[in-house]
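Secondary and tertiary structure notes
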Amino acid sequence: MRTLERISNFAGNTFAVWVILFVALSLIFPGGFAWIAPHVSLLLGIIMFGMGLTLTLDDFKGVLKAPVSVLIAVLLQYTVMPLIAFGLAVIFQLPPEVAAGVILVGCCPGGTASNVMTFLAKGNTALSVSVTAVSTVLAPILTPALTLLFASQWLPVSASDMFMSIVQIVLVPIVLGVVVRLLFSKQVDKSVKALPLVSVIGIVAVAAAVVAVNREDILTTGLLIFSVVILHNVLGLAIGYLFGKLFKFDFANQKAVSIEVGMQNSGLGSALALAHFSPIAAVPSALFSVWHNISGPVLATWWGKRSGDSLKGDEDTKAG
């Protein structure tokens, strides 16, 4: 088990490398990864079950301890990113399927990667976990509703069908994971450290599959989509941080809010796009997965160093 934990930690720490490597391989050898596409929903369900195994009642008690901070972060999550996505789709005059895909990933909840990045950035990890939990529970209602509101001018959107998909591939697995943890807490505690490996394999497989089935479209329009994805993520991080300052949050909370707002559950976006739109609509989510696993660690490392320097400065001041 210790060997598996070490492998899992290594995979989690080098997540971005694996995403980039296998996306590149899927462009070169699309036939080796396209077969995964029909199983994306199952993969995401397994990842969400793993997320449920990591959740405890304390994660939800965190909402009661800091309700205002959690509420503000969740509201920002479901307003800032959808609005940015809509604006980018209009400004860049994106093709209908791509526009719908960009908006869809913008309407998704936060992913578990945001919790890891917040921890590495020395942000308020408890707040990050609480926001992810709440935004994920609200996703069956808010993601279809917001997608219908913002994307229906480009493609038909069935909010009811999307609601059922999110319940099946997100809510049910998470609830099952929470129940299993409650019933078999000792066994789960022993194995939970191996879960990052499952998440890495799942997300890498989803991204590679989406890129493989859209290889030709990506080679012709990939630069445009990737530029939009980068802007979407960077603007989300920046606006989330600015709102944290506006609400006079401390630095740790500002970092948590910024990362929660800017990082989406791109795996969910890919699964929903494949199920309800078209393969090309899943490309923004796949590229978002690639990019935010680059921008997230870079930002987290920089912020983590700033926190260390700040603490050192405080200590020097006290010593003086």
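Residues numbered from 1 in each chain as written. Predicted model: local features only at pLDDT ≥ 70, side-chain atom pairs only at ≥ 80, totals over all residues. Heavy atoms only, no water.

A count of helical and extended segments in the chain gives 16 helices and 0 strands. Its C-alpha atoms give the chain a radius of gyration of 19 Å, within 12% of the compact-globule value 20 Å for 320 residues. Across its three principal axes, the chain shows a C-alpha extent of roughly 60 × 45 × 35 Å. Looking at the 320 residues of the chain, the share that counts as buried comes to 52%. A separation threshold of at least 6 residues defines the contact pool for the chain, and within that pool the share at least 24 residues apart is 84%. As displayed, the chain offers around 14,500 Å² of accessible surface, 71% of which is attributable to carbon and sulfur atoms. Of the charged side chains in the chain, 17 are positive and 14 negative, and the gap between their average positions amounts to 10 Å. (Helix = DSSP H or I, 4+ residues; strand = E, 2+ residues; numbered from the N terminus. Rg over C-alpha atoms; globule rule 2.2 N^0.38 Å. Buried < 20%, exposed > 50% of the residue type's maximum accessible area, 1.4 Å probe, protein only. Contact = heavy atoms within 4.5 Å. Areas by Shrake-Rupley, 256 points an atom, 1.4 Å probe, with all protein chains shown as cover. Lys, Arg positive; Asp, Glu negative; His and termini not counted. Charge placed at Lys NZ, Arg CZ, Asp CG, Glu CD.)

Further remarks concern the pattern of salt bridges. Close approach of charged atoms lets side chains of opposite charge pair. Scanning the entire structure with this criterion turns up 1 salt bridge. A salt bridge links E216 to R215, with the shortest nitrogen-to-oxygen separation between them at 2.9 Å. (Salt bridge = Lys/Arg side-chain N within 4 Å of Asp/Glu carboxyl O.)

Looking now at the UniProt feature "transmembrane region" (unreviewed entry) in the chain. UniProt's feature table lists "transmembrane region" (unreviewed entry) at residues 7–29, 35–56, 68–92, 98–120, 127–150, 162–183, 195–213 and 219–243, given in the numbering used throughout. With 68% helix and 0% strand, residues 35–56 has its two end C-alpha atoms placed 35 Å apart. In the segment residues 162–183, helix accounts for 100% and strand for 0%; the C-alpha atoms at its two ends are 31 Å apart. (UniProt positions renumbered as here; feature names shortened; annotations may be inferred.)

Moving on: the packing of aromatic side chains. Under the counting rule described, the total for this entry stands at 8 aromatic pairs. Taken together, a centroid distance of 5.6 Å and an interplanar angle of 35 degrees make the contact between Y241 and W303 tilted. On the criterion of sequence distance, the pair formed by Y241 in helix α13 (residues 215–246) and W303 in helix α16 (residues 283–319) is long-range, its members being 62 residues apart. W303 carries the same exposure label as Y241, and that label is buried. Ring pairing ties together the aromatic residues F86, F150 and W154, which thus form one cluster. (Phe/Tyr/Trp six-rings, centres within 6.5 Å; stacked < 30°, edge-to-face > 60°.)

On to a nonpolar patch on the surface. Where nonpolar side chains cluster on the molecular surface, the patch consists of I91, F92, L224, L231 and L235 and spans about 400 Å² of accessible area. The greatest single-element share of the nonpolar patch, amounting to 3 residues, is contributed by α13. Tracing the chain through its elements places I91 in helix α6 (residues 80–91). (Patch = residues over 30% accessible without salt bridge, like charges linked within 9 Å, V, L, I, M, F, W, Y side chains within 5 Å.)

By secondary structure assignment, the location of S278 is in the loop between α15 (266–276) and α16. Beyond its immediate sequence surroundings of up to four residues, S278 is in contact with E97 and A273.

The biggest cluster of nonpolar side chains holds 76 residues, and the ones touching the most others in it are L268 and F277. For this core, the element with the highest residue contribution is helix α9 (residues 125–151), accounting for 8 residues. Filtering out sequence-adjacent residues up to four positions away, F277 remains in contact with A100, L104, T147, L155, P156, V157, M162 and L272. The next biggest cluster of nonpolar side chains, apart from the first, holds 10 residues, and it includes A113, I259, L299 and A300. (Core = buried A, V, L, I, M, F, W, Y, C linked by side-chain atoms within 4.5 Å.)

Okay, the side chain of Q77 next. You can see Q77 is positioned in helix α5 (residues 67–77). If we ignore the near neighbours within four places in the chain, the residues touching Q77 are P82, G106, C108, P109, G110, S135, E260, V261, M263 and Q264.

With phi around 50 degrees, Q93 is a residue other than glycine that occupies positive phi space. Unusually for a residue other than glycine, K248 sits at a positive phi of about 60 degrees. Following the sequence through the fold, K248 ends up in the loop between α13 and α14 (251–262).

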